Amino acid sequence: MIDIPPMPSAAPTAPAAPAAPSSTPDDRSTSFVAVQGNAKEQYSGGALLVTAYAALWVVLFAWVAIVWRKQGALNSRLVDLERVLDKAAADAEAEKKTEKRNEPKNETKT
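What counts, and where the lines are drawn
- Residues numbered from 1 in each chain as written.
- Predicted model: local features only at pLDDT ≥ 70, side-chain atom pairs only at ≥ 80, totals over all residues.
- Heavy atoms only, no water.
- Helix = DSSP H or I, 4+ residues; strand = E, 2+ residues; numbered from the N terminus.
- Buried < 20%, exposed > 50% of the residue type's maximum accessible area, 1.4 Å probe, protein only.
- Areas by Shrake-Rupley, 256 points an atom, 1.4 Å probe, with all protein chains shown as cover.
- Patch = residues over 30% accessible without salt bridge, like charges linked within 9 Å, V, L, I, M, F, W, Y side chains within 5 Å.
- Salt bridge = Lys/Arg side-chain N within 4 Å of Asp/Glu carboxyl O.
- Phe/Tyr/Trp six-rings, centres within 6.5 Å; stacked < 30°, edge-to-face > 60°.

### Focus on the overall build of the protein chain
Then, number 1: The helix and strand inventory of the protein chain stands at 2 helices and 0 strands.
Then, number 2: The burial tally for the protein chain puts 0% of its 110 residues in the buried class.
Then, number 3: Put simply, the protein chain shows about 11500 Å² of open surface, and 63% of that area lies on carbon and sulfur atoms.

### Points about a nonpolar patch on the surface
Then, number 1: On the surface, a nonpolar cluster with roughly 1100 Å² of combined accessible area is contributed by Leu 49, Tyr 53, Leu 56, Trp 57, Leu 60, Phe 61, Trp 63, Val 64, Val 67 and Trp 68.
Then, number 2: By secondary structure assignment, the location of Tyr 53 is in helix α2 (residues 45-102).
Then, number 3: Residue Tyr 53 is classed as partly exposed on the basis of its relative accessible area of 48%.

### Here's the deal with the pattern of salt bridges
A side chain of one charge can pair with a side chain of the opposite charge when the charged atoms of the two come close.
Then, number 1: Counted according to the given criterion, the structure contains 2 salt bridges.
Then, number 2: As a salt-bridge pair, Asp 80 and Arg 83 come within 2.9 Å of each other at their nearest N and O atoms. Taken together, the residues span about one helical turn, with Asp 80 and Arg 83 both in helix α2 at a distance of 3 residues.
Then, number 3: A relative accessible area of 36% means that Asp 80 is categorised as partly exposed.
Then, number 4: The shortest N-O distance in the salt bridge between Asp 91 and Lys 87 comes to 3.4 Å. Of the two residues, Asp 91 and Lys 87 both sit in helix α2, 4 residues apart, roughly one turn of that helix.
Then, number 5: Given a relative accessible area of 53%, Lys 87 falls into the exposed group.

### Topic: the packing of aromatic side chains
Then, number 1: As enumerated under the stated definition, the model contains 1 aromatic pair in all.
Then, number 2: When the ring of Trp 57 is compared with that of Phe 61, the centres are 5.8 Å apart and the planes differ by 35°; the resulting orientation is tilted. With Trp 57 and Phe 61 both in helix α2, this residue pair falls 4 residues apart, about one helical turn.

What follows is the structure, encoded as structure tokens:
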């Protein structure tokens, strides 16, 4: 068993001699000492794994849904922009035709 030194008091004391190990390092590393009290595992590894994967899938689906919505909004803005540009081009073409018709014809014969 491991000896635990007492807590130091307020009064200075002489340093205690180090405790001699009762076993070799190989024995300590392979021995198992059960924990006393109510120290049992709260969740199984399988339940934690399933929970982690479920959380990952929820985050992934949420991200895909957000990107999908943003792409739809961007697509509608692009359609609106194309419509405005087409209308502006048509108006410019109509204005050019109107200017051509209204130009005075200066045909001089010499």
